[in-house]
Structure formats: C-alpha cells, structure tokens
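Residue strings, one per chain:
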Amino acid sequence: MRSLAERHVHAIATATRRLIAEPLTHCLTILVIALSLAVPSTLYRIISDVAFMAKGQAGPPAITVLLRTTVNQDQVIKLSESLKHHQNIATIDFVSPEQGLKELQQRLGSDDVLAGLDHNPLPPALIVHASSSDPTILLALQKEIAASPLVDQAKLDADWARRLHAMTHLLEEAIFALALIFAAAVVIVVMNTVRLQVTAAREEIEVCKLMGASDAFVRRPFIYFGMLQMLLGGCVAFGMTEAARLGFNTLSTEWLKPYGLSFEVQPFHGAEALIGLLLALVLGWFAASSAVSSFLSRLRPR
Amino acid sequence: MTDSVPMIEMNALTRRYPDGREALHGIDLRIEAGEMLFLGGPSGAGKTTLLRLIAGIDRPSGGEIKLNGQLLNRLSAPALEALRKNIGMVFQEHKLLMDRTVEQNAALPLQIQGLASAETQKRVAAALERVGLGGRASDSPLALSGGERQRLCIARALVGKPALIVADEPTGNLDAEYGEAILTLFRSFNLSGVTLVIATHDERLVQSLEGRLVHLDQGRIISDGRTHA
Ligand SMILES: Nc1ncnc2c1ncn2[C@@H]1O[C@H](COP(=O)(O)OP(=O)(O)O)[C@@H](O)[C@H]1O
Ligand SMILES: [Mg+2]
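Residues numbered from 1 in each chain as written. Chains lettered and ligands numbered in written order. Predicted model: local features only at pLDDT ≥ 70, side-chain atom pairs only at ≥ 80, totals over all residues. Heavy atoms only, no water.

Comments concerning the coordination of the magnesium ion (ligand 2)
Residues and elements named next belong to chain B. The coordination sphere of the magnesium ion (ligand 2), as far as protein atoms go, consists of Thr48 (OG1) and Gln92 (OE1), spread over 2.0 to 2.8 Å. Taken as a pair, threonine 48 in helix H1 (residues 47-54) and glutamine 92 in the loop between strand E6 (87-90) and helix H3 (102-113) lie far apart in primary sequence, 44 residues in all. Threonine 48 sits in the partly exposed class, given a relative accessible area of 30%. (Donors = N, O, S within 2.8 Å, 3.2 Å for Na, K, Ca; no water. Helix = DSSP H or I, 4+ residues; strand = E, 2+ residues; numbered from the N terminus. Buried < 20%, exposed > 50% of the residue type's maximum accessible area, 1.4 Å probe, protein only.)

Printed below as a string of structure tokens:
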C-alpha cells in the first residue's frame, strides 16, 4: 500500500501539473494574489517604521507642572516624593524659580528680563516624564496632577508627538482593515480558480467518487493547488515588498539628506515573513477546500 | 430458507427519485455469491436504478438492501467508500476519462485504493491483457472503438479484484458478435468465482449463456428464472 506521504506527494504532483498546464492564466492569478498581499504589507512596514521613528524623535513625553508661588520647599519635596511612586511616571525634575529664570534668560539671550520688576515672578516647576506615550494615559496623568491643591497648571508637552501617535495608530487600523479586504479578495480569487479547476475535472471527480474515493482523496490535489498558488503569490509579494522598500529608502534618503536626517524602512525579518506566508497558506487552504466541498456535497447519495 | 447470508438481499425495496417519480416498487430479491444474474427488461424498467442501489450510489426510499448482511440504507461515508472499492462497476455511459491513457483509466481504482505503483502496473497490465487490450496501454480511449472502450470499462471494473461486478448494459450499442464476446468474458470471470449482476435490455443476447434471468418491468419483478442455454 502507498503511505500517507506518498499520497500527498502524488497530490502535490497532480496540483503542479494542473498549474503548469495553463501557465498564462495561473501567472496572472498569482500576480493578482501577490499584489493583494504586497500592498497591505508594504504599507504596514512603512507606517510602523515611521511610527517607531516618530516616537524616538519626540523623546519621552513630559508634563510641565507649574506650582503655586505660595508653595514652600517642604511641600514641593513631599509632592515629588508622592509622584515618584506613580506607575505611569518615569522621572521627575525640579526646576526652581531661579533655574527657570536662568533658562529663560539663556533662551532669550538677554540679561535684563526682570527689568522693571522687583522680584522673580516665576513659580517653582516640576518636569514629569511619563513612562508611557499612550495619549489616554498621558491625559489622565495630567488631570490627576492638576487636581493637586499645590498645582497651578499642568501642561502636556509635545502635542505634535501625541497627534502623530494618534495618527499612526489610526493609520495602522486603516491598514488592518485594508489587509482584511485584500485577504477577502485573495480568498475569492483562489476560490474562483479552484472552482474552475473543479469544474474542468468534474467527470474525474465523479468517477473517483463512484469508485469509492474519499472526499479527502478528491480534495487533496485541489487544496495543494490553492496553496501552491498562494505560496508562489507570497514569494512574488515578498519580492514586490522588498522592491518597494528599497525604492522608498532611496527616495527618503534623497529627501531627508538636506535636513541632516535619515530614515530607512527595515526589511521584514524571518519570523514576520514566515508568519505572513503561513497566513497566506491558511487562506489558500480555506479558499480551495470550500470551493471543492460545495461541489462534493452535490455528489452525495440521495 | 437457507441459513447462509446471501451476497445481496433486497426486501420490499423502493426507490423514488428526488423529482417524486418512483422507479422501483417493492423489489424482493436474493442474489447468492457466485451467481451470474442477468437483469432484463425494457428501457425505463428500473435496471439502472437497481444497480445504483446495489453499488451504494443512491439510497433506497423504502424497504431494505443488504450486501453480505450489511444494511446499505444508512451507511456512513467511509463505509460507503469501502463498499464501492469492493464492487467493480461497468457504467452504461462508460465514464472513461478521455484526457488519460487506457492504462491510466484502468489504474484509477487502484490509485483510489492506495495501492503501490509497482503492484498497480502489474495488475493493470494483467487486466488489460485479459480483456484483449494488452497492446493499447498508452493509447487514448478516444482511439478505441466502441467495443474496445467497453472492454476498457470491464478491465477497470476487474482490476481491483472485486468479489462482485455490476455491469449496466455492457453490450449496449455493440454488434451482436462483439456483444457475445463481452458476455463470454464475463462468463470467464464468473467461472473464476466473481458474482455478476448484468443489466441488459437485449434478452436474446443473454440466452446463449448459462445464468439466472430476472425480468423487470415498470419497477417490478415480472419473472425470475434461468436462461435457456
Ligand atoms: N435521475 C433520475 N431522476 C428522475 N427519474 C429518473 C432518474 N433516473 C431514472 N429515472 C426514471 O426511473 C425509471 C427507471 O429508469 P432506469 O432505472 O434508468 O431504467 P432502465 O435502466 O431500466 O432503462 C424511468 O422511468 C426513468 O425515467
Ligand atoms: Mg439503464
């Protein structure tokens, strides 16, 4: 008797034969599959690297806490001690009115900022560095700090970083939705080609069933056919993503160089590529088996 | 009553097609192992319908049908597949695959059974030799005459070494001379122990052979006797 492995090898051989029997048709199908896989993965790759870079440029988000001028040294120490243990706070810097004045003078390049004033009007301040860049956590933290009676104002810095974060998050969700749509398209494309294959082989399937072939026996070569298309589509898609990535990097280097900046999209690493390929194979399996099953159910005895 | 289990047993067997037409009305029939049974009757009598029930292709609408004591009415899919693997079927409409060679057509049942390819080749060659197609192995069935195609169908039914062969109009459109040659072939299988159920609308043709003749008309058994030979 043939072993299970031999039967699978036989099924793969049959699937391959069907695939190369109509090279042009199947090349086009594979191209469509490849595009559907490549578009969302390229976008994902670029967006996630842009988001990563943006986070790095923005630095850890900080909240500037202006204390009331009436607050004394002891109260400040007590407040910063209590904030230090907050789970969403990484570090706290104290800025005294004198230090604040110095920084202000430096920034303005002038020594007589206080001309006409008889005392330093700046309040003592705390710079609170949050441990998370999640906007909801930052806003909650800001509110919490502002609620203290010692605090006059708590301002969230790096507003642009927060917006960028929100925007990349939104883009990531949009890409996910896009990926779902493309996945559905891939399933439909594969289902359709397999359905055509099944229709072309309907006599053969019927004869095999009449001679006692199991559904698995009939289904196997078609499933390999669908998965083979996906495998080839996935490989072509990988090539497309790489080409797009290299093209993007060349352009971004050209554009950013004058500003002394550089940004490169990284390639997919092995695990990511493998997961992507497995996912494509699962889609191929699903599409092919559902295309065959609907035909097989019509051949059951009534 | 014999106490031995007959190979095929039908009790009040009816078959109604999904469109509501009843093709068999209460068939009672026992077929013993080793029999050569001809199923006669005009076109539309229900011969094909009966053969399809025996091979588990269709399900009965009423009554029961047993093969070697096993009730076929509600067989599970795997049991049905095992059953079909053990029956050689010759179809009225041949059901040959025209995009495959003679050899590949004959090998199909063995591939389905999962036989190793060396053994498959040996058995296919023997079966083709037996039906007189030894020299046509790599031809397309399209290149075969009507009688040769019929013999290819028989080789395909034979190759799995089934205990039961069911043939639907195997002499169908053949000239009498070819028809007789086919029947002689079946007779030789029967002599080597294979049980045969052969449907034919041409009862004159079968009279030359020794066997049992069950005459069907409008879904009922009209007579059950021996051929004149
Ligand atoms: N698939 C089908 N659907 C509906 N009626 C059918 C079908 N097959 C056969 N019949 C009807 O059942 C009756 C018996 O047909 P069949 O078994 O093919 O007869 P035979 O093989 O003796 O010529 C006929 O009246 C035929 O019209
Ligand atoms: Mg018929």
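A short note on the site of ligand 1
Residues and elements named next belong to chain B. Around ligand 1 sit Tyr17, Asp19, Arg21, Ala23, Pro42, Ser43, Gly44, Ala45, Gly46, Lys47, Thr48 and Thr49, and those are all the residues in its vicinity. Between threonine 48 and ligand 1, the recorded distance is 2.6 Å, taken from a side-chain N or O atom to an oxygen atom. A distance of 2.5 Å is found between an oxygen atom of ligand 1 and a side-chain nitrogen or oxygen belonging to threonine 49. Compared with its free state, where it exposes 550 Å², ligand 1 has 66% of that area covered by protein. Top contributing element to the shell around ligand 1 by residue count: H1, with three residues. Tallied by class, residues from the shell around ligand 1 come to four nonpolar, five polar and three charged. (Near = heavy atom within 4 Å. Polar contact = N/O pair within 3.5 Å; in protein donor to acceptor, adjacent residues only side chain to side chain. Areas by Shrake-Rupley, 256 points an atom, 1.4 Å probe, with all protein chains shown as cover. Nonpolar A, V, L, I, M, F, W, Y, C, P; charged D, E, K, R; others polar.)

With respect to the interface of chain B and chain A
Of the residues lining the interface, 23 residues belong to chain B; the matching set on chain A comes to 18 residues. Interface area, chain B with chain A, both sides summed: about 2,000 Å², of which 62% is carbon and sulfur. Of all residues in chain B, the largest losses of buried area upon contact with chain A belong to Glu81, Arg84 and Ile112 of chain B, amounting jointly to 27% of the total for that side. Linking chain B to chain A there are three salt bridges. A salt bridge links glutamate 206 of chain A to lysine 95 of chain B; the nearest nitrogen and oxygen atoms lie 3.0 Å apart. (Contact = heavy atoms within 4.5 Å. Buried area = accessible area lost by both parts, 1.4 Å probe. Salt bridge = Lys/Arg side-chain N within 4 Å of Asp/Glu carboxyl O.)

Notes on the packing of aromatic side chains
When we look at a pair of aromatic rings, we describe it by the centre distance and by the angle of the planes. What the rule picks out here adds up to two aromatic pairs over all chains. Taking the centre distance of 6.3 Å and the plane angle of 85° together, the rings of phenylalanine 248 of chain A and phenylalanine 263 of chain A count as edge-to-face. Note that phenylalanine 248 of chain A is positioned in helix H8 (residues 215-256) and phenylalanine 263 of chain A in the loop between H8 and helix H9 (270-296), a separation of 15 residues in sequence. According to the relative accessible area criterion, phenylalanine 263 of chain A is buried, its value standing at 10%. Both rings, one in phenylalanine 186 of chain B and one in phenylalanine 189 of chain B, keep their centres 5.9 Å apart while their planes meet at 85°; by these two values the pair is edge-to-face. Of this pair, phenylalanine 186 of chain B and phenylalanine 189 of chain B both sit in helix H6 (residues 176-191), separated by three residues, roughly a single helical turn. The exposure class assigned to phenylalanine 186 of chain B is buried, which follows from its relative accessible area of 0%. Sitting above the plane of the tyrosine 17 of chain B ring, arginine 15 of chain B keeps its charged end 4.8 Å from the centroid. For the cation-ring pair, lysine 95 of chain B lies above phenylalanine 91 of chain B, with the distance from its terminal atom to the ring centre recorded as 5.8 Å. (Phe/Tyr/Trp six-rings, centres within 6.5 Å; stacked < 30°, edge-to-face > 60°. Lys NZ or Arg CZ within 6 Å of the ring centre and 35° of its normal.)

Section: the sheet that holds strand E2 (residues 22-31) of chain B
All names here are of chain B. Ordered in space as E2-E1-E4-E5, the four strands form an open sheet in which the pairing is antiparallel. Since the sheet does not close on itself, it has two edges, and those belong to E2 and strand E5 (70-71), each with one partner. In this sheet, E2 lies alongside strand E1 (residues 8-16) in antiparallel orientation, the contact comprising six bridges. Residue leucine 13 lies in a different strand from E2, and its bridge partner there is isoleucine 27. Packing against the sheet, H1 makes contact with E1, E2 and strand E4 (62-67), and its axis sits at approximately 120° to E1. (Pairing = 2+ DSSP bridges. Axes fitted to C-alpha atoms, helices over the stretch in contact; angles between N-to-C directions.)

Considerations on the pattern of salt bridges
Across all of its chains, the model carries 27 salt bridges over all chains by this definition. Ionic pairing is found between arginine 245 of chain A and glutamate 242 of chain A, a salt bridge with its closest N-O pair at 2.9 Å. Residue arginine 245 of chain A and its partner glutamate 242 of chain A are located together in helix H8, separated by three residues, close to a single helical turn. Where arginine 15 of chain B meets aspartate 58 of chain B, a salt bridge forms, and the shortest distance between an N and an O atom there is 3.8 Å. One end of the pair, arginine 15 of chain B, is in strand E1; the other, aspartate 58 of chain B, is in the loop between H1 and E4, with 43 residues separating them in the sequence.

A few points about helix H5 (residues 135-146) of chain A
All names here are of chain A. The end-to-end C-alpha distance of H5, which contains twelve residues, comes to 16 Å, matching closely the 16 Å that a straight helix rising 1.5 Å per residue would cover. Every buried residue of H5 is listed here: Pro135, Leu138, Leu141, Gln142 and Ile145. With its buried residues spanning 125° around the axis, H5 presents them on a single face. Residues Thr136 and Lys143 are exposed on H5 and point more than 90 degrees away from its buried face. (Expected span 1.5 Å × (residues − 1). Arc of directions from axis to C-beta.)

Structural notes on the pairing of strand E1 (residues 62-67) of chain A
All names here are of chain A. The element E1 is largely enclosed, with a buried count of five among its six residues. Pairing geometry for E1 and strand E3 (residues 125-130), over five bridges, is antiparallel. The partner of leucine 66 across the bridge, within E3, is alanine 125. In this structure, E1 lies alongside strand E4 (residues 151-156), joined through five bridges in antiparallel fashion. Of the residues in E4, the one forming a bridge with valine 65 is alanine 154.

Section: the nonpolar core
Residues and elements named next belong to chain B. In this structure, Phe38, Leu128, Leu152, Ile154, Ile165, Phe186 and Phe189 are the most contacted members of the largest nonpolar core, which totals 38 residues. The set of elements that each furnish at least two residues to this core consists of strand E3 (36-40), H3, helix H4 (117-130), helix H5 (146-158), strand E7 (164-168), H6, strand E8 (195-199) and helix H7 (203-206). Residue contacts for phenylalanine 186: discarding those within four places in its chain leaves Met36, Val90, Ile154, Ile165, Ala167, Pro170, Leu196 and Ile198. By size, the runner-up hydrophobic cluster in this structure holds 33 residues, among which are Leu37, Leu51, Leu53 and Ala55. (Core = buried A, V, L, I, M, F, W, Y, C linked by side-chain atoms within 4.5 Å.)

Some points on the side chain of histidine 215 of chain B
Residue position: histidine 215 of chain B is located in strand E9 (residues 212-217). Within polar-contact distance, the side chain of histidine 215 of chain B engages the side chain of glutamate 203 of chain B at 2.6 Å.

Coordinates in, geometry out; function isn't part of it.
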